[in-house]
Amino acid sequence: MTSAVLTLQNAALSLDGNAGRVDILHDITLSVTKGETLGLIGPSGSGKSSLLMLMGGLEQATSGQITALDQDLTSMDEDALARFRRNNMGVVFQNFHLIPTMTALENVATPLELSGHRDAFDLAETVLDAVGLSHRRDHYPAQLSGGEQQRVALARASAPRPKILLADEPTGNLDETNGAAIVDLLFGLRQKFDATLVLVTHSRSLAERCDRVVRLRDGRIAEETRQEAAE
Ligand SMILES: Nc1ncnc2c1ncn2[C@@H]1O[C@H](COP(=O)(O)OP(=O)(O)OP(=O)(O)O)[C@@H](O)[C@H]1O
Ligand SMILES: [Mg+2]
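A quick note: this is a predicted structure, and the numbers were derived from the prediction, not measured.

What counts as what
- Residues numbered from 1 in each chain as written.
- Chains lettered and ligands numbered in written order.
- Predicted model: local features only at pLDDT ≥ 70, side-chain atom pairs only at ≥ 80, totals over all residues.
- Heavy atoms only, no water.
- Helix = DSSP H or I, 4+ residues; strand = E, 2+ residues; numbered from the N terminus.
- Buried < 20%, exposed > 50% of the residue type's maximum accessible area, 1.4 Å probe, protein only.
- Contact = heavy atoms within 4.5 Å.
- Areas by Shrake-Rupley, 256 points an atom, 1.4 Å probe, with all protein chains shown as cover.
- Lys, Arg positive; Asp, Glu negative; His and termini not counted.
- Charge placed at Lys NZ, Arg CZ, Asp CG, Glu CD.
- Salt bridge = Lys/Arg side-chain N within 4 Å of Asp/Glu carboxyl O.
- Core = buried A, V, L, I, M, F, W, Y, C linked by side-chain atoms within 4.5 Å.
- Pairing = 2+ DSSP bridges.
- Axes fitted to C-alpha atoms, helices over the stretch in contact; angles between N-to-C directions.

(A) Quick peek at the overall build of the chain. Along its length, the chain carries 7 helices and 10 strands. Overall size of the chain, expressed as C-alpha extent along the three principal axes, is 45 × 40 × 40 Å. Counting all 231 residues of the chain, 49% fall into the buried class. Counting only contacts in the chain whose residues sit at least 6 apart along the sequence, the fraction spanning at least 24 positions is 63%. Counting only carbon and sulfur atoms, one obtains 45% of the accessible surface of the chain, whose full area is about 11,300 Å². Charged side chains in the chain number 22 positive and 31 negative. The centres of these two groups are separated by 2 Å.

Listed below in structure tokens is the structure:
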């Protein structure tokens, strides 16, 4: 056992589409330790979301190895990956992926129910309250603003207190006050439950709060910076 929670070894990702094969990530070697907060930055199209997908087992690496909590994600099938994510990971997607036919409350409570929480709806209410959305709990995603949907997605990912939380631009659609509340929620998880966070961000102030920042360029790690005085 190492203290590494997430390890990528020479990971690469290429996808075949109608426009041909696209090489998206090249030779990514990276390790994230328990309780660490890693910020992923880089220009649009540099591969940040794709890297997050690899870390969450949502895309399979074309080559290389990815290990999460000492389990080899590259050798798991889709069912095993889904189970692994349900028990250990929270993922906040760039475009939220809320279920359109469920209210905000149901979106947050459903994964809790699936993972066996008996008080799923109570806990979901508490977390929705924490992101300032108790007054919108019965709204469907289409009846929520972009920032509100983002907060529901964050509530949903963080409510089961995952060991690993992967968040794609978690404050991208939020004003300063709500952004700060979300950041407090994320860093609170880390502090209270020793969660490991990987955040994609374009926000300099959010990146500055991370222990370490990795900059991607053209699908490769271009630079890695360890912060001096991270919280
Ligand atoms: N399914 C796919 N098939 C082919 N190419 C893809 C696919 N998904 C992403 N790409 C390409 O991979 C590259 C990296 O995309 P990715 O979404 O990871 O970038 P990003 O760094 O998250 O950008 P942004 O800051 O705009 O969100 C882009 O050039 C994109 O066009
Ligand atoms: Mg992206």
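(B) Spatial organisation of the side chain of Arg151. Tracing the sequence through the fold places Arg151 in helix H5 (residues 146-158). Among buried Asp, Glu, Lys and Arg side chains, Arg151 stands out as unpaired, with Glu148 the closest opposite charge at 4.5 Å. When near neighbours in sequence (up to four residues on either side) are disregarded, Arg151 contacts Val131, Gly132, Leu133, Leu174, Asn178 and Ile182.

(C) Spatial organisation of the pattern of salt bridges. According to the stated counting rule, one finds 11 salt bridges in the structure shown. The shortest N-O distance in the salt bridge between Asp194 and Lys34 comes to 3.1 Å. You can see Asp194 sitting in the loop between helix H6 (176-193) and strand E8 (196-200) and its partner Lys34 sitting in the loop between strand E2 (20-33) and strand E3 (37-41), a full 160 residues away along the chain. Accessibility expressed as a relative area gives 53% for Lys34, which makes it exposed. Several salt bridges converge on common partners, so that one network encompasses Glu36, Arg212, Glu224 and Arg226.

(D) Region of the structure containing the nonpolar core. Of all hydrophobic cores here, the largest spans 38 residues; its most connected members are Val108, Leu128, Val131, Val152, Leu186 and Leu199. Counting only elements with at least two residues in this core, the list comes to helix H3 (104-114), helix H4 (120-130), H5, strand E7 (164-168), H6, E8 and helix H7 (204-209). Looking at this core element by element, the count peaks at 6 residues for H6. Not counting the four nearest positions on each side in its chain, Val131 is found in contact with Arg151, Ala155, Ile182 and Leu185. In terms of nonpolar packing, the next biggest core, distinct from the first, is built from 33 residues, Val5, Val32, Leu73 and Met76 among them.

(E) Broad picture of helix H1 (residues 48-55). By the criterion of burial, H1 is predominantly enclosed, with 7 of the 8 residues buried. Residues Lys48, Ser50, Leu51, Leu52, Met53, Leu54 and Met55 constitute the buried set of H1. The first or second residue beyond H1 is Gly57, which carries a positive phi of 65°.

(F) Expanded view of the sheet that holds E3. Taken in spatial order, the 6 strands line up as E6-E7-E8-E3-E9-E10 in an open sheet, and their pairing is mixed. Bordering the open sheet on either side are strand E6 (89-92) and strand E10 (220-226), each of which pairs with just one other strand. Strand-to-strand twist of the sheet, defined as the mean angle between neighbouring strand axes without regard to direction, takes the value 15°. By the bridge criterion, 5 bridges tie E7 to E8 in an arrangement that is parallel. Directly across from Leu165, in E8, lies its bridge partner Leu197. Its contacts with the sheet put helix H2 (residues 78-88) on E6 and E7, and the angle it makes with E6 is roughly 95°.

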